[in-house]
Amino acid sequence: MNKFAWSSPRWLLLVIFCLAGVLPAYAADQDQWYNVELIVFSQRHPDAGNETWPDNPGSPDLTDAQEIPTTAVPNAQLQPLPPDQFKLQAEEQKLAENGNYEVLLHTGWRQLGVPREKGIPVHVHTTAPATTDTAAAAAPAALPPPRLDGVVELTVLRYLHLDVDLLFRGQALTSTNSVSDFFAVAPAKPSVPIYRLQESRRMRSNQLHYFDHPMFGVIALVTPYTPPVATPAAPTSTPPAVPTPAAPVVSKPQAPTANGNGNDATGIIQRN
């Protein structure tokens, strides 16, 4: 099969990468914030060729995985990325309009660049499928698992490194058995194929990257982000008043007073 056939995702990704090539690239900085945006999609008509996968590929380690917060968290190294600031809307629309793909998830977050030993595994997943089973709805542990589940981790060395570990559950497959049908034997439960994508990629910011799997894929974009500088609050206290100097005191001369012998206090004789 021609790898650039229109039924393959590679033709779309080739166009995307050509457009992304005009964007500048930056070296990573551990004091820098980054926006991380992901689109995860599956192939409706995969061409796996002769590839086979284990029935049980294992599971990503969710022990320390952090959920993407829905609102800003003060002093946290992981913050939400508002959907109105997503940069991959055009790519999502192209995938949605192509009948060969199904967009499973379009998500994003902000985080501080951290070294490998302090990586932040981010829990990336879809919601669990709805169920009409009353007993299952009453017991959350019995709910079917989400179609997409795993972790994505962005770390910084000299370059950015993005580690992807995702499980994708395909459509349920039910085997037919005419003998079972003849003897009214209960049919086998549907088998759900599970695929795992594990890849670590060195990347540059402002460049699109594609994580490939025959059954599903991930488009990732990491861009530098500069938090707004907080404006200092206006002073609310009134400065102390400057004291006004007191006016000089001027003493008035006293009128002379007479003493008992007709003389005033100065000894001058007063005439009658």
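Examining the pattern of salt bridges
Working step 1: Applying the stated criterion across every chain, the model contains four salt bridges.
Working step 2: The closest approach of N and O atoms between Arg-196 and Asp-165, which form a salt bridge, is 2.8 Å. With a gap of 31 residues between them, Arg-196 in strand S7 (residues 194–203) and Asp-165 in strand S6 (residues 160–169) connect regions that are remote in the sequence.
Working step 3: Residue Glu-199 is joined to Arg-201 by a salt bridge in which the shortest nitrogen-to-oxygen separation is 2.6 Å.
Working step 4: According to the relative accessible area criterion, Glu-199 is partly exposed, its value standing at 25%.

Quick notes on the nonpolar core
Working step 1: Ranked by internal contacts, the top residues of the largest apolar core, which has 31 residues, are Leu-38, Leu-162, Leu-166 and Phe-216.
Working step 2: Of all the secondary-structure elements, those providing two or more residues to this core are strand S1 (33–43), strand S3 (101–112), strand S4 (122–125), strand S5 (148–156), S6, S7 and strand S9 (216–225).
Working step 3: Among the elements that take part in this core, S6 stands out by supplying five residues, more than any other.

Structural notes on the environment of Ser-191
Working step 1: Take Ser-191: it is sitting in the loop between helix H4 (178–182) and S7.
Working step 2: Sequence-wise, Ser-191 and Ala-172 are 19 residues apart; in three dimensions their C-alpha atoms are separated by 5.4 Å.

Observations concerning the side chain of Asn-35
Working step 1: Residue position: Asn-35 is located in strand S1.
Working step 2: Since its relative accessible area comes to 10%, Asn-35 is described here as buried.
Working step 3: Looking at Asn-35, its side chain comes within polar contact range of the side chain of Arg-110, at 2.9 Å.
Working step 4: When sequence neighbours within four positions are dropped, the list of residues in contact with Asn-35 reads Leu-81, Trp-109, Arg-110, Leu-221, Val-222, Thr-223 and Tyr-225.

A closer look at the environment of Ala-96
Working step 1: Its location among the elements puts Ala-96 in helix H2 (residues 89–97).
Working step 2: Its relative accessible area of 57% is what places Ala-96 among the exposed residues.
Working step 3: Sequence separation of Ala-96 and Phe-41 is 55 residues, and the distance between their C-alpha atoms is 9.3 Å.

Rules used throughout
- Residues numbered from 1 in each chain as written.
- Predicted model: local features only at pLDDT ≥ 70, side-chain atom pairs only at ≥ 80, totals over all residues.
- Heavy atoms only, no water.
- Salt bridge = Lys/Arg side-chain N within 4 Å of Asp/Glu carboxyl O.
- Helix = DSSP H or I, 4+ residues; strand = E, 2+ residues; numbered from the N terminus.
- Buried < 20%, exposed > 50% of the residue type's maximum accessible area, 1.4 Å probe, protein only.
- Core = buried A, V, L, I, M, F, W, Y, C linked by side-chain atoms within 4.5 Å.
- Polar contact = N/O pair within 3.5 Å; in protein donor to acceptor, adjacent residues only side chain to side chain.
- Contact = heavy atoms within 4.5 Å.

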